[in-house]
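Below, each chain spelled out in residue letters.
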Amino acid sequence: MMRFGQAKHDERIVQQAFLDAFPNPERIGCPGDDLIRAIARKKIDSDKSVRRHIRRCSPCSQDLLTFRHQWRTVKITRFAVLAAAATVLIVFGIYWRQTISHSPSPHSNLIAGNQQPLNLETGTLDFYDSGVRRGTGNVAPGPVQTVRSSARILVVILPMASLPGEYEVQIRNGSDDGKTIKVVRAIASNKANGRTALQFDLGAPLLPGSYGAAFRPQGSNLWSYGTFTVQ
Ligand SMILES: [Zn+2]
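Residues numbered from 1 in each chain as written. Predicted model: local features only at pLDDT ≥ 70, side-chain atom pairs only at ≥ 80, totals over all residues. Heavy atoms only, no water.

Engineer: Whenever I open this one, the coordination of the zinc ion confuses me. Can you help?
Structural biologist: A metal bound by six donors in octahedral fashion has ideal angles of 90 or 180 degrees, whereas one bound by four tetrahedral donors has an ideal angle of 109.5 degrees. Within the first shell, the zinc ion binds the protein through Cys 30 (SG), His 53 (NE2), Cys 57 (SG) and Cys 60 (SG), at distances of 2.0 to 2.3 Å. Of note is the zinc ion, whose 4 donor atoms meet at the metal with angles of 103 to 116° in an arrangement that counts as tetrahedral. Counting the intervening residues between successive donors of the zinc ion yields the motif C-x22-H-x3-C-x2-C. Of the two residues, Cys 30 is situated in the loop between α1 (4–21) and α2 (33–40) and Cys 57 in the loop between α3 (48–55) and α4 (58–102); the sequence distance between them amounts to 27 residues. For Cys 30, a relative accessible area of 21% puts it in the partly exposed group. (Donors = N, O, S within 2.8 Å, 3.2 Å for Na, K, Ca; no water. Tetrahedral: all angles 85-135°; square planar, octahedral: opposite > 155°, others 65-115°. Helix = DSSP H or I, 4+ residues; strand = E, 2+ residues; numbered from the N terminus. Buried < 20%, exposed > 50% of the residue type's maximum accessible area, 1.4 Å probe, protein only.)

Shown next as structure tokens:
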């Protein structure tokens, strides 16, 4: 059985013999590089006389083969570049879609399907220094605390020396002695810097305005108070 390499070798010998068969060193009657290149790229149909010339002119045959080979290389390179670009686009597209689907926009509270609240906006009320303990006579209004009206989760940093555990929180209209509009039970836990904080879901964001917060450990009558603004 003839090996492929041998067949290729034989083919080359035949081809070379053909290419040497019609020497035309003066290039008499040759159609020129541009035309042969155009034929090699199949840009034009060569007419009969040109085809006949190329068949009987070894240099033109050689040129045609060379240009065909060059053109094939150009096409393969172009295809490889396009394929690489397409691959990059596809990979980027997949990455982008995954990124989008895993990062809900800041304003979307619900994700379709499981209806679980995700990525709810959090507002923080820092009453660490400003919590007023009635009955102690130690009334110290601290800096005004503000949360955005889009916040649904509230983090309340409890006044200094507050203990962790279950708390009752009342949100009051206007001020800390206003009408109670919301009652929440939440567990306070120790945070960094010796702070104790409550975190709870308001259920729905508060409308812009002034509010008061009153909170006490569950089962205790030791209320603490704070005021805040929703903007
Ligand atoms: Zn020629």
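Engineer: Looking at this structure, I do not really get the nonpolar core. What am I missing?
Structural biologist: Buried together is how nonpolar side chains tend to be arranged in soluble globular proteins. Membership of the largest hydrophobic core comes to 21 residues, with the highest contact counts inside it found for Val 156, Ile 171, Leu 198, Phe 200 and Phe 228. Elements with a contribution of two residues or more to this core: β4 (153–157), β5 (165–173), β6 (180–190), β7 (196–201), β8 (209–217) and β9 (224–230). If we skip the residues at most four places from it in the chain, Val 156 touches Leu 125, Phe 127, Thr 196, Ala 197, Leu 198, Phe 200 and Phe 215. With 9 residues, the next largest nonpolar core counts Ile 54, Cys 57, Cys 60 and Leu 64 among its residues. (Core = buried A, V, L, I, M, F, W, Y, C linked by side-chain atoms within 4.5 Å. Contact = heavy atoms within 4.5 Å.)

Engineer: Quick question: what am I supposed to make of the packing of aromatic side chains here?
Structural biologist: For any pair of aromatic rings, the description rests on two quantities: the centre-to-centre distance and the angle between the ring planes. Applying the stated criterion to the full structure yields 2 aromatic pairs. Ring centres of Phe 127 and Phe 215 lie 5.8 Å apart, and the angle between their planes is 15°; this geometry places the pair in the stacked category. Remark: Phe 215 occurs in strand β8 and Phe 127 occurs in the loop between β1 (122–126) and β2 (132–133); sequence separation between them is 88 residues. The class for Phe 215 is buried, based on a relative accessible area of 1%. Ring plane angle 20° and centroid distance 5.6 Å describe the contact between Tyr 211 and Phe 228, whose orientation is recorded as stacked. With Tyr 211 in strand β8 and Phe 228 in strand β9, this pair connects stretches of sequence that are 17 residues apart. (Phe/Tyr/Trp six-rings, centres within 6.5 Å; stacked < 30°, edge-to-face > 60°.)

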